[in-house]
Amino acid sequence: MKHQLEAAVAAAESFIGRWPADSITEIDALGLAEVLRELGELRAARMEGERWVFMLVMTDGENPAVRDLQAWVDGRLPRIDEALKHFELAWVKIADERAELLSAAREVADNRHFLRSLRRFERFVLSPAEERVLAARKATARTAWQSLYSRTLTAATAKFDDGDGERDCNLSELESMIRNAPDRDMRRRAADVLVQLLASALPVLAQCYDAVVADHLVVDALRGHADPMERRNLDNEIEPHVVEQLLALCEARHGLAQRWFEVKARLLGVERLDTIDFFASALDAPVIPWGDGQRLAVDVFANVNPTLARHAEAFFADRRVDAEPRVGKRFGAFCAWPSTRSTGFLYLNWSGSVLDLIMLTHELGHGTHFALAAGTQSNNSFRPGLTITEVPSTFAHLRLVEDHLAAGTELARPLLAKVLDTAVLYVFVRGALTRYEQKAHELRGRGQALTAERLNDLCDAELSKVWGRAMSDAHGIRPTMWAPMPHAVHARFYLYAYVFAFLLAAGLLVRSREPGFAERYERFLAAGGSASPSELVSILGVDLSSPRIWDEGFAVIEGWIDRVSAWAPKSERSGSEAHYRDSAHTRETQLRRAP
């Protein structure tokens, strides 16, 4: 891989020399096709190098040799980025009429949307010299703070007795205990240790975030962005009003989250839920052997489309899954598929829980999406924006639940209870954390440092709206939930993509039983990033200009809560469910009537 990356750096330098900016502005369609082919190869090599070192860090991040390798890669990626930016700068300077004529040429058909979508950044590009300076400084400015943030989280450990004797536990292990321990007392003890451990790291984590946000704001100002979210919305090709409508609808429906908290408290047999219970299993489920987990996950795709099942099965047949928990391996799950010329790889930590099955199915949703897109798209049009990228993965794990409910399996109820936990996380918590990011950027933009205390206050203020009166925070976890959240530091405003994807995927569940859906869904996946989000979802009959799909998603969540509520024991507080439902309906009605 090092040899491949060095070759890519040399190819990037050669690209710039062979294709000076004035030659690109005067290029014909055949020449443009060749430029795009070379550009795609550079983009593939860059992503392959970045994903390679990322996976090494995830599996052995404290190894000095891995940290050296990360520094080595970080020093070379900007040199490839310079070639990618070189083309983009030249392309956006071409007159609109000529650029559209070139984009429409049959020679560049597989890169047409890529070319057209680049034009939306025209107003925000700087001079070539300024762009080179920004690219060169990234590794020693923003990236350095991001690395310090990650290393601070990884290195933090504390003594904890998990029942097998006292040992050093890192943050990921403590978070896992709070999520997975069936014993509430153990969750309490793990929460207390986690909060104490975070307290010692918060000043450094806050300083990292402050520096990253400040850097973003400086670059935003240089480029002329009017809003900190503008760049993310442009990357996602989502109009700001669509994002704002989505977040506002989530805020209007916080009562749904609170109703689930009340139902879950009844399932757990507690008077009131606490933050430590957020991800606790509400219903017992058998431990799922790894072989059974593979079969159950693949079955989801077989029930939608046989092509998807073949691609899902290939991950296991080709041994492209790392699911074994082990010392030094970080908590988390992801699918890495860096380019059309490589194959994908799944990463997770399998313990046999229903959440593990949900995450395996979720990541296979990414994998089948990328497999189909890699077979039909160029490396420039391979990936859609984040909002669309998260739809197939979320749809997959929601279909998992629906299939088990339809079949009445012993996993059906535990899966549904767990997916309602993820619904609250994806839709309401991550919507609130997007508001937290907005407030943090506003505060820093007014010249106020993002201290740990201020970030705690901002985070607590937004999340308390989701918790309401239905869930307490006795251990003080809620204010610090910003700290171990990598998205805000590494990819700002990433989280609203989860809100978008969950509600859209939930809305697709009913449509997925309709004739012709399997064929349309395969076309949607194979399209990759070759069209805008609105064009891509139109393949599935969705109109993003209408709130209908969001309403359908919320209706699915509400129906699931109704279903679980019917199973849950009644309590003296169960009348509060109606309060949460009615108050949510009132706020949503007011929102829709607002001018």
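Now for the pairing of strand β1 (residues 157-161). Taking every second residue as pointing to the same face, the buried face of β1 carries A158 and F160, while none of T157, K159 and D161 on the other face is buried. As judged from the five bridges shared by β1 and strand β2 (residues 166-170), these two strands associate in the antiparallel manner. Directly across from K159, in β2, lies its bridge partner D168.

With that settled, consider the side chain of S339. Examined against the element boundaries, S339 turns out to sit in the loop between β5 (334-336) and β6 (345-347). For S339, a relative accessible area of 0% gives the class buried. A distance of 2.5 Å separates polar atoms of two side chains, one belonging to S339 and the other to E48. Among residues more than four places away in sequence, those in contact with S339 are A44, E48, N379 and F382.

Moving on: unusual backbone geometry. Of note, the phi angle at E237 is positive, near 55°, even though the residue is not glycine. For E237, the location among the structural elements is in the loop between α11 (230-236) and α12 (240-252). Located in the positive-phi region is F493, a residue other than glycine, with phi close to 60°. Looking at the element boundaries, F493 is found in the loop between α20 (486-490) and α21 (496-511).

It is worth spelling out helix α24 (residues 548-567) at this point. The α-helix winds at 3.6 residues per turn, so residues separated by three or four positions along the chain end up facing the same way. Between its first and last C-alpha atoms α24 spans 29 Å; for 20 residues at 1.5 Å apiece the expected length is 28 Å, and the two agree. Here α24 has its buried residues at I549, W550, E552, G553, F554, V556, I557, W560, I561, V564 and S565.

The next point concerns the nonpolar core. Grouped together as the largest cluster of nonpolar side chains are 162 residues, with contacts concentrated most on W260, V427, F524, W550 and W560. With residues up to four places along the chain from it excluded, the contact list for F524 reads I388, V391, P392, L536, V537, I539 and L540. The next biggest cluster of nonpolar side chains, apart from the first, holds 34 residues, and it includes L32, V53, V108 and L115.

Once that is clear, we can look at helix α4 (residues 64-92). In a regular helix each residue adds 1.5 Å, so 29 residues correspond to 42 Å; α4 covers 42 Å between its end C-alpha atoms and thus fits that length. Of the residues that open α4, the one with a side-chain oxygen 2.9 Å from the backbone nitrogen of A65 is N63.

So, on to the environment of E122. Topologically, E122 is positioned in the loop between α6 (112-118) and α7 (128-138). The class of E122 is partly exposed, set by a relative accessible area of 34%. Separated by 31 residues in the primary sequence, E122 and W91 have C-alpha atoms spaced 9.0 Å apart. Those residues in contact with E122, other than ones at most four positions away along the chain, are V92 and D96.

Our next topic: the sheet that holds β5. Strand pairing in a sheet relies on backbone hydrogen bonds. The paired strands run either parallel or antiparallel. Read from one edge to the other, the open sheet built from three strands follows the order β4-β6-β5, with strand pairing classed as mixed. Looking at strand neighbours, the two that pair on one side only are β4 (321-322) and β5, the edges of this open sheet. Of the strands in this sheet, β5 and β6 are in contact with helix α16 (residues 354-374), which crosses β5 at around 20°.

Right, let's get into the packing of aromatic side chains. Two numbers describe a pair of aromatic rings. These are the distance of the centres and the angle of the planes. One pass over the full model with this rule turns up 21 aromatic pairs. Centre to centre, the rings of F395 and F517 are 5.8 Å apart; their planes meet at 45°, and the pair counts as tilted. Residue F395 is found in helix α17 (residues 386-407), and its partner F517 is found in helix α22 (residues 517-526); the two are separated by 122 residues along the sequence. For F395, a relative accessible area of 2% translates into the label buried. On the basis of relative accessibility, which here comes to 1%, the residue F517 falls in the buried class.

What counts as what
- Residues numbered from 1 in each chain as written.
- Predicted model: local features only at pLDDT ≥ 70, side-chain atom pairs only at ≥ 80, totals over all residues.
- Heavy atoms only, no water.
- Buried < 20%, exposed > 50% of the residue type's maximum accessible area, 1.4 Å probe, protein only.
- Helix = DSSP H or I, 4+ residues; strand = E, 2+ residues; numbered from the N terminus.
- Pairing = 2+ DSSP bridges.
- Polar contact = N/O pair within 3.5 Å; in protein donor to acceptor, adjacent residues only side chain to side chain.
- Contact = heavy atoms within 4.5 Å.
- Expected span 1.5 Å × (residues − 1).
- Core = buried A, V, L, I, M, F, W, Y, C linked by side-chain atoms within 4.5 Å.
- Axes fitted to C-alpha atoms, helices over the stretch in contact; angles between N-to-C directions.
- Phe/Tyr/Trp six-rings, centres within 6.5 Å; stacked < 30°, edge-to-face > 60°.

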